[in-house]
Amino acid sequence: DLAVSRFLEERLPQLIEGSSVLSEEDAEKRGVGGKLFIIDPIDGTANYARGINECAISVALVQGKTPLLGVVHNIFTGEVFCARRGAGAKCNGKPIAVSARDFSAGILCTAMSVYNKSLAKTCSDIIYDAYMECNDVRRFGGCALELCYLAAGRCDLYFEMRVFPWDYAAGYLILKEAGGELTGFGGEVLDFTKATALIGANRRDNYDKMRSLVEKHMTCIPYKE
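A brief structural summary. (Residues numbered from 1 in each chain as written. Predicted model: local features only at pLDDT ≥ 70, side-chain atom pairs only at ≥ 80, totals over all residues. Heavy atoms only, no water.)

1. Concerning the packing of aromatic side chains
Inference 1: Inspection of every chain in the model, using the stated rule, returns six aromatic pairs.
Inference 2: Ring centres 5.3 Å apart and planes at 80° place the aromatic pair Phe140 and Tyr149 in the edge-to-face group.
Inference 3: Summarising the aromatic geometry, the rings of Phe164 and Trp166 are spaced 5.2 Å apart at their centres and angled 5° between planes, so their arrangement reads as stacked. In this structure, Phe164 and Trp166 share a single accessibility class: buried.
Inference 4: Positioned above the aromatic ring of Tyr223 is the side chain of Arg162, whose terminal nitrogen or guanidinium carbon lies 5.6 Å from the ring centre.
Inference 5: Note that Lys209 overlies the ring of Phe103, its terminal NZ or CZ placed 5.4 Å from the centroid. (Phe/Tyr/Trp six-rings, centres within 6.5 Å; stacked < 30°, edge-to-face > 60°. Buried < 20%, exposed > 50% of the residue type's maximum accessible area, 1.4 Å probe, protein only. Lys NZ or Arg CZ within 6 Å of the ring centre and 35° of its normal.)

2. Structural notes on helix H5 (residues 165–177)
Inference 1: The first and last C-alpha atoms of H5 sit 18 Å apart over 13 residues, in line with the 18 Å expected at 1.5 Å per residue.
Inference 2: Counted residue by residue, H5 has 11 buried out of 13 residues, so it is predominantly covered.
Inference 3: Remark: Gly179 follows H5 within two positions and exhibits a positive phi of approximately 100°. (Helix = DSSP H or I, 4+ residues; strand = E, 2+ residues; numbered from the N terminus. Expected span 1.5 Å × (residues − 1).)

3. Details of unusual backbone geometry
Inference 1: Although it is not a glycine, Asn92 sits at a positive phi angle of roughly 50°.
Inference 2: By the secondary structure assignment, Asn92 is in the loop between strand E6 (89–91) and strand E7 (94–95).

4. So, the environment of Ala197
Inference 1: Take Ala197: it is sitting in strand E12 (residues 196–201).
Inference 2: What makes Ala197 buried here is its relative accessible area of 0%.
Inference 3: Along the sequence, Ala197 and Val214 sit 17 residues apart, while their C-alpha atoms lie 9.5 Å from each other.
Inference 4: Ignoring anything within four residues of it in the chain, the contact list for Ala197 reads Glu160, Met161, Thr183, Gly184, Phe185, Met218, Ile221 and Tyr223. (Contact = heavy atoms within 4.5 Å.)

5. Here's the deal with the packing of helix H3 (residues 120–131) against helix H6 (residues 204–217)
Inference 1: Relative orientation of the contacting elements H3 and H6 amounts to 140°, with a least axis distance of 9 Å. Between H3 and H6, the crossing angle belongs to the class labelled oblique. As H3 runs across H6, the sense of the crossing is right-handed. In this structure, H3 contributes Thr122, Asp125, Ile126, Asp129 and Ala130 to the contact, and H6 contributes Met210, Leu213, Val214, Lys216 and His217.
Inference 2: Of the residues belonging to the contact of H3 with H6, the class tally is five nonpolar, two polar and three charged. (Axes fitted to C-alpha atoms, helices over the stretch in contact; angles between N-to-C directions. Parallel < 35°, antiparallel > 145°, perpendicular 65-115°, else oblique. Left-handed = near helix turned anticlockwise from the far one by under 90°. Nonpolar A, V, L, I, M, F, W, Y, C, P; charged D, E, K, R; others polar.)

6. Considering the environment of Asn47
Inference 1: Relative to the elements of secondary structure, Asn47 occurs in helix H2 (residues 45–49).
Inference 2: With 171 residues separating them in the primary sequence, Asn47 and Met218 have C-alpha atoms 29 Å apart.
Inference 3: Setting aside chain neighbours within four positions, we find Asn47 in contact with Ile52, Glu54, Phe140 and Gly141.

Structural data, given as structure tokens:
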């Protein structure tokens, strides 16, 4: 984590004059205006440490609330998901798009808020309700890749209680450019400055249904950061 973070923090600003970097490993170093690289040196660190190939390097470039570029690289499989604003999304150079599956045929990617286990009961209630109406549930252990899998049509629904900008910034743009839906709690437009609950889907009707299941068990985000 630290080695990749140091490498990217040194190299990325050289690409764009005046840009800054926000890394998970140096989260207290907030960017100050202009273009900002948001990086997760290893998304899925526990997987990486155990030799499980569901982990990735995630890099986004944003300006204010506008995402410009997103790249998610699975270092084990060699898959590189990327997107440029307004130019579509790709995996290893080939265009990708979300699936057309309905909710009942959908697979939900989700998690149990491992860093705040007091939220687990609410997560499990939401997951249970979704599971009873969709096809199945998956937990890969890394937000960035899961959003890319949604973008590539490998899964169809998404919910996670508490994720940070470095988890979702690159995957957000890749998913949106692939035709998917993703917001914070209550339909909040993601602004890349704070932790939030993520709700996503391949289609608008599936997003609306997933959001309704979340809001059945949550009236607000139950944390500050």
